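Coordinate analysis (summary)
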Amino acid sequence: MRVFVTGGTGLIGSAVVAELLGNGHTVLGLARSESSATALQTAGAKAIRGDLADLGAVRAGAADVDGVIHLAFANDFSSPAAVAAAVAEEGGALAALGEELTGSGRPLITVSGTPYVPGRLSTEADPLPTEGPVGGRSRSVTAVLDLASHGVRSAAVRLPRTVHNEGRGGFAGLLTQLARRTGVSGYPGDGTQRWPAVHALDAAVLFRLVLENAPAGTAWHAVSDEGDAVRDIAAVIGRKLGLPVEAIPQESFGPLGPIFATDQPSSSAHTRKTLGWEPSHPSLLADLENIQP
Ligand SMILES: NC(=O)c1ccc[n+]([C@@H]2O[C@H](COP(=O)([O-])OP(=O)(O)OC[C@H]3O[C@@H](n4cnc5c(N)ncnc54)[C@H](OP(=O)(O)O)[C@@H]3O)[C@@H](O)[C@H]2O)c1
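Now for a quick tour of the structure. (Residues numbered from 1 in each chain as written. Predicted model: local features only at pLDDT ≥ 70, side-chain atom pairs only at ≥ 80, totals over all residues. Heavy atoms only, no water.)

Re helix H2 (residues 34-43)
Ser36, Ala37 and Leu40 are the residues of H2 that are buried. Along the axis of H2, the buried positions cluster into a sector of 100°, meaning they face one direction only. Turned more than 90 degrees away from the buried face of H2 sit Glu34, Ser35 and Thr42, all of them exposed. Of the surrounding elements, those touching the buried residues of H2 are helix H1 (11-21), strand S2 (26-31) and strand S3 (46-49). Where H2 ends, the next residue or the one after it, Gly44, has phi of about 110°, a positive value. (Buried < 20%, exposed > 50% of the residue type's maximum accessible area, 1.4 Å probe, protein only. Helix = DSSP H or I, 4+ residues; strand = E, 2+ residues; numbered from the N terminus. Arc of directions from axis to C-beta. Contact = heavy atoms within 4.5 Å.)

Now the structure itself:
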């Protein structure tokens, strides 16, 4: 397939681009800078210049391909306003992609987070939370899945809190950055809350399988570790950086504080059984051993 990919230079997107190219697909990537365009070309993809707010470029990218994988997101959690702007920008781009693909039967794969359900592992059948700082992202994803009834083979890959590679990425990556800045490897609450995780190279395989095989309107879980206790994550980070490991106030984590404090283990049993996806790369705690002081 010829595939248009947004976010193809990111931690997850670069793995997805490599996975697609390694399995007979061709890739056109959205590039918002010259260096991103060069990175895509070096990987073996073509690039179209523009960003998510440039709806002309977004539409042009989707116009002449067999499918779309959307991964770009500003990932600016510095303030509620920054998060809201990123959510709105992504929502506009997804709406444009959906319009471009309506009636074509082509796949539109977007990204989402795993939901949380008190007291048990969340599953692919659970709805996404529409409250909280990134609730707007869930509404965008739901709108994409609803395009199934308008001739789009839409699907969502729900990612766990940490998608990692070489010890970097996701919520665990944010804990590492905060530890480097403050001199303390901190965690909110009592640290027994669990976050799910997956290696980016395993997540990339699932994006390809969903692109190739998923029926319209379906959601899938890229979950490898069902739940790592946040205290255990902070302990590895503290040991690798030579820093003390301590509980710190939830507010230290900015707009994401309440999400950081939530116990949110998740399952991928349905995804593994239905699509034959089997993660094979290191767990989060093993991968965090790659952190350099
Ligand atoms: N990593 C995780 O643990 C995790 C967990 C759950 C969900 N997710 C979601 O998965 C997706 C990919 O995450 P990631 O970790 O790979 O992110 P990342 O490493 O920060 O990469 C973000 C990608 O999006 C591009 N991008 C950002 N803003 C853009 C804009 N305005 N216009 C065009 N391109 C833009 C970046 O391009 P440049 O090369 O120009 O910077 C880069 O390719 C995001 O939607 C993220 O929220 C990630």
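With respect to the pairing of S3
Pairing of S2 with S3, which is carried by four bridges, proceeds in the parallel orientation. Following the sheet pairing, Gly29 is matched in S3 by Ala47. Taking the sense of rotation as the criterion, the β-α-β connection linking S2, H2 and S3 turns out right-handed. (Pairing = 2+ DSSP bridges. Right-handed = clockwise from strand over helix to strand, strands pointing away.)

Overview of the environment of Glu212
Relative to the elements of secondary structure, Glu212 occurs in helix H7 (residues 200-213). A sequence separation of 51 residues divides Glu212 from Arg161, and the C-alpha atoms of the two residues are 25 Å apart. Not counting the four nearest positions on each side in its chain, Glu212 is found in contact with Met1, His25 and Arg153. Polar side-chain contacts of Glu212 include one of 2.8 Å to the side chain of His25. (Polar contact = N/O pair within 3.5 Å; in protein donor to acceptor, adjacent residues only side chain to side chain.)

Here we look at the sheet that holds strand S11 (residues 225-229)
Ordered in space as S7-S9-S11, the three strands form an open sheet in which the pairing is mixed. Looking at which strands have only one partner, the edges of the open sheet turn out to be strand S7 (162-164) and S11. Pairwise comparison of adjacent strand axes, ignoring direction, gives a mean angle of 40° for this sheet. As paired strands, strand S9 (residues 194-199) and S11 are joined by three bridges and run antiparallel to one another. Opposite Arg194, over in S11, you have Ala229 as the bridge partner. Contacts from helix H8 (residues 230-241) reach S9 and S11 within the one sheet, and its direction differs from that of S11 by about 70°. (Axes fitted to C-alpha atoms, helices over the stretch in contact; angles between N-to-C directions.)

Quick notes on the site of the ligand
Contacts to the ligand come from 24 residues, most closely from Thr9, Ile12, Arg32, Arg137 and Val163. Note that an oxygen atom of the ligand is positioned 2.8 Å from one of the backbone N or O atoms of Ile12. In this structure, Asn75 approaches the ligand through a side-chain N or O atom, which is 3.0 Å from an oxygen atom. The protein chains hide 83% of the 900 Å² of surface that the ligand would expose on its own. Among the secondary structure elements, those contributing two or more residues to the shell around the ligand are H1 and S7. In the shell around the ligand, the residues fall into 11 nonpolar, eight polar and five charged. (Near = heavy atom within 4 Å. Areas by Shrake-Rupley, 256 points an atom, 1.4 Å probe, with all protein chains shown as cover. Nonpolar A, V, L, I, M, F, W, Y, C, P; charged D, E, K, R; others polar.)

Points about unusual backbone geometry
The backbone of Asn75 shows a phi angle near 50°, a positive value even though the residue is not glycine. Residue placement: Asn75 occurs in the loop between strand S4 (67-70) and helix H4 (80-101). Accessibility expressed as a relative area gives 51% for Asn75, which makes it exposed. Positive phi values are uncommon outside glycine, yet Glu166 reaches one of about 55°. Along the polypeptide, Glu166 turns up in the loop between S7 and helix H6 (170-182). Accessibility expressed as a relative area gives 47% for Glu166, which makes it partly exposed.

Here's the deal with the layout of surface pockets
By volume, the second largest pocket amounts to about 290 Å³. Phe77, Leu174, Leu178, Arg181 and Phe253 are, among the 14 residues lining the second largest pocket, the residues nearest its centre. Each residue belonging to the lining of the second largest pocket can be placed in one class, and the counts come to eight nonpolar, five polar and one charged. (1 Å grid on protein atoms, 1.4 Å probe; cavity = no way out; pocket = protein on both sides within 12 Å on 5 of 7 lines; lining within 4 Å. Points joined across faces, edges and corners; volume = space filled by probe spheres on them.)

Some remarks on the nonpolar core
The biggest cluster of nonpolar side chains holds 34 residues, and the ones touching the most others in it are Ile69, Leu159, Phe207 and Val210. Looking at this core, the elements that each hand over two or more residues are strand S1 (2-6), H1, S2, H2, strand S5 (107-113), strand S6 (153-159) and H7. Of all the elements, H7 adds the most residues to this core, at eight residues. The contacts of Ile69, once residues within four sequence positions are left out, are Val3, Phe4, Val5, Thr6, Val16, Leu20, Ile109, Phe207 and Leu211. Among the nonpolar cores identified, the runner-up in size contains 23 residues, and Leu178, Ile237, Phe253 and Ile291 belong to it. (Core = buried A, V, L, I, M, F, W, Y, C linked by side-chain atoms within 4.5 Å.)

Function cannot be read off these values alone, since they describe shape.
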